[in-house]
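# Report on the structure
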Amino acid sequence: MKLILSDRPLNLEIEEDDVEFIDLSSLKINNCVGCFGCWTKTPGKCVIRDDAVKIYPAIAKSNKLLYVSRIKYGGYDAIMKTMLERAIPIQQAFIRLVDGQTHHVQRQVALKNAVIIAYGDIADDEKDVFKKLVARNALNMNFEKYRIIFTAESQLEQTVSDEVEKWEAL
Amino acid sequence: MGSIMILNGSPRAPKSNSKRYATIFSEKCKCKTEYFNISKTNHIQLCGKSEEFSDILFVFPLYADGIPVTLLNFLKTLEENPPKNKPVVSVLVNCGFLEYSQNNTAVSMMKLFCHQNGYRFGSVLKIGSGEAILTTPFKILVNRKIKKLASSIACAKYCILQTTMPISSKMFLKASTAYWINYGKKNGITKEQMETMNIEE
């Protein structure tokens, strides 16, 4: 499954059936409240029953993943970050070692080839922080491979379209 | 000696470990401190209040490898509503992983906020195994480091500190597994149920 998760609407021509596009800005997604319910009360399910419960299973199933997000302080801006925080039901509370470092055990989460399209007016020091963040995400979100593309907002739709075309060409 | 505004950026601020760390900080600190939870509705009020302090200490947990969205949204409001006299910004961040270094990216994000908005960056305390360490004998290590953090901010001799449980990774896996099994048990959930591979099924 191929998933495009975006923090804003995009005008894309998607020809393949197995590509799902989700505009997070059109959905009702509340903040994670840090209750650990998805680990210790209703394992694998968030106790907040809003639109996020449709998104994190799609994240888990996808093997090709495209995140589109504005960048703020070297991280994802609020719309994408809110969703990523709500995706912890796809992990277990339990800890495993990955390359000698402690990380959460994943539930049924496909290995991912991820592309992160980071947009906005992004200075070099902000890009450096974001690269470090995605390297951490790769370990905690089952990225087998990933690429980061920085782009201006004015170029965003073209950049995303180019990446989707690459998927379709494979 | 100045005064320190403690801002809790945890999504579960009133019941959070961050609040417990903040309480220890207030107890150990020799200068005046005032504690606030960051909520969805008090951003502007906190921005105005920050003018009264020489320092701000942000206390928060690591969320999805970075700062929690609760804190991110507050920083965006602070950017739009800066105090006239900008306090020095210090950070106390904790993660549930053994390695305190897993907090580094969140610290870099806070430094970047300060750099972009003209705040002096102060001290840092990075805590590993932060979900459980206060329930273990290693709490004493945290208390000591928080005391040092408080002293560094009070004296404006800013520094970087860190602590975690002084145990091996394998030992940590055993201890954390027991911790979570016990957590589930309180909710009537077994280890096997917690280990389900199903998501929303």
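Above this text you will find the structure in question.
These figures come from a predicted structure and were not determined experimentally.

Criteria and cut-off values
- Residues numbered from 1 in each chain as written.
- Chains lettered and ligands numbered in written order.
- Predicted model: local features only at pLDDT ≥ 70, side-chain atom pairs only at ≥ 80, totals over all residues.
- Heavy atoms only, no water.
- Helix = DSSP H or I, 4+ residues; strand = E, 2+ residues; numbered from the N terminus.
- Rg over C-alpha atoms; globule rule 2.2 N^0.38 Å.
- Buried < 20%, exposed > 50% of the residue type's maximum accessible area, 1.4 Å probe, protein only.
- Contact = heavy atoms within 4.5 Å.
- Areas by Shrake-Rupley, 256 points an atom, 1.4 Å probe, with all protein chains shown as cover.
- Lys, Arg positive; Asp, Glu negative; His and termini not counted.
- Charge placed at Lys NZ, Arg CZ, Asp CG, Glu CD.
- Phe/Tyr/Trp six-rings, centres within 6.5 Å; stacked < 30°, edge-to-face > 60°.
- Lys NZ or Arg CZ within 6 Å of the ring centre and 35° of its normal.
- Buried area = accessible area lost by both parts, 1.4 Å probe.
- Salt bridge = Lys/Arg side-chain N within 4 Å of Asp/Glu carboxyl O.
- Polar contact = N/O pair within 3.5 Å; in protein donor to acceptor, adjacent residues only side chain to side chain.
- Nonpolar A, V, L, I, M, F, W, Y, C, P; charged D, E, K, R; others polar.
- Axes fitted to C-alpha atoms, helices over the stretch in contact; angles between N-to-C directions.
- Parallel < 35°, antiparallel > 145°, perpendicular 65-115°, else oblique.
- Core = buried A, V, L, I, M, F, W, Y, C linked by side-chain atoms within 4.5 Å.
- Patch = residues over 30% accessible without salt bridge, like charges linked within 9 Å, V, L, I, M, F, W, Y side chains within 5 Å.
- Expected span 1.5 Å × (residues − 1).

## Things to note about the overall build of chain B
A tally of regular secondary structure across chain B gives seven helices and six strands. From first element to last, N terminus to C terminus, chain B shows the α and β order β-α-β-α-β-α-β-α-β-α-β-α-α. What you see for chain B is a C-alpha radius of gyration of 18 Å, in line with the 17 Å of a compact globule of 201 residues. Projected onto the principal axes, the alpha-carbon positions of chain B cover approximately 55 × 40 × 25 Å.

## Thoughts on the overall build of chain A
Regarding its fold elements, chain A presents five helices and eight strands. A compact globule built from 170 residues would reach a C-alpha radius of gyration of about 15 Å, and chain A, at 16 Å, matches this within 12%. Along the longest, intermediate and shortest principal axes, the C-alpha atoms of chain A span 45 × 35 × 30 Å. In chain A, which comprises 170 residues, the proportion classed as buried is 60%. Counted over contacts in chain A with a minimum sequence separation of 6, partners at least 24 positions apart contribute 66%. In the structure as shown, chain A presents an accessible area of about 7000 Å², 47% of it carried by carbon and sulfur atoms. Looking at chain A, you have 23 positive and 25 negative side-chain charges, and the mean spots of the two groups are 9 Å apart.

## So, the packing of aromatic side chains
On inspection of all chains with the given rule, the structure shows 15 aromatic pairs over all chains. Geometrically, the ring pair formed by Trp39 of chain A and Trp180 of chain B is edge-to-face, given 5.4 Å between the ring centres and 90° between the ring planes. Of this pair, Trp39 of chain A sits in helix 1 (residues 37-40) while Trp180 of chain B is found in helix 6 (residues 169-186), placing the two residues in two different chains. In this structure Trp180 of chain B comes out as buried when scored by relative accessible area, which is 5%. The structure contains a cluster of three or more aromatic residues connected by ring pairs, namely Tyr67, Tyr76, Phe130, Phe143, Tyr146 and Phe150 of chain A. Its end group placed over the ring of Phe94 of chain A, Lys191 of chain B keeps NZ or CZ at 5.9 Å from the ring centre.

## Regarding the interface of chain A and chain B
Facing the 55 residues of chain A at the interface are 51 residues of chain B. Carbon and sulfur atoms supply 61% of the area buried between chain A and chain B, which totals about 4400 Å² over both sides. Scanning the region where chain A abuts chain B turns up three salt bridges. One salt bridge connects Glu79 of chain B with Lys72 of chain A, and the closest N-O pair in it is separated by 3.1 Å. Connecting chain A to chain B are 23 residue pairs in polar contact (both at pLDDT 80 or more). Those elements giving two or more residues to the side of chain A that touches chain B turn out to be helix 1, helix 2 (52-61), strand 4 (75-76), helix 3 (78-85), strand 5 (91-98), strand 6 (101-106) and helix 4 (124-140) of chain A. Residue contributions to the side of chain A that touches chain B peak at eight residues, all from helix 4 of chain A. Considering only residue class, the side of chain A that touches chain B consists of 25 nonpolar, 17 polar and 13 charged.

## Examining the packing of helix 3 (residues 69-80) of chain B against helix 4 (residues 104-117) of chain B
Residues and elements named next belong to chain B. For the pair helix 3 and helix 4, the least separation of the axes is 11 Å and the interaxial angle reads 10°. The orientation of helix 3 relative to helix 4 falls into the category roughly parallel. Contacts from Leu71, Leu75, Leu78 and Glu79 in helix 3 reach Met110, Phe113 and Asn117 in helix 4. Grouping the constituent residues of the contact of helix 3 with helix 4 by class yields five nonpolar, one polar and one charged.

## Digging into the nonpolar core
One finds Phe25, Phe58 and Met110 of chain B to be the most contacted residues of the largest nonpolar core, which totals 66 residues. At seven residues, the largest contribution of residues to this core is made by helix 4 of chain B. Counting 35 residues, the second-largest nonpolar core is a separate cluster that includes Tyr67, Ile71, Ile116 and Phe130 of chain A.

## Points about a positive patch on the surface
A cluster of basic residues, Arg20, Lys28, Lys30, Lys139 and Lys147 of chain B, forms a positive patch at the surface. Residue placement: Lys30 of chain B occurs in the loop between helix 1 (17-28) and strand 2 (32-37).

## Re helix 5 (residues 139-154) of chain B
Each α-helix winds once per 3.6 residues, and so residues spaced three or four apart point in a common direction. Residue and element names in this part refer to chain B. Spanning 16 residues, helix 5 covers 22 Å between terminal C-alpha atoms, matching the ideal 22 Å at 1.5 Å per step. For helix 5, the set of buried residues is Val142, Asn143, Ile146, Leu149, Ala150, Ser152, Ile153 and Ala154. Where the residues of helix 5 are buried, they touch strand 1 (3-8), helix 1, strand 3 (55-61), strand 4 (88-94), strand 5 (121-127) and strand 6 (160-163).

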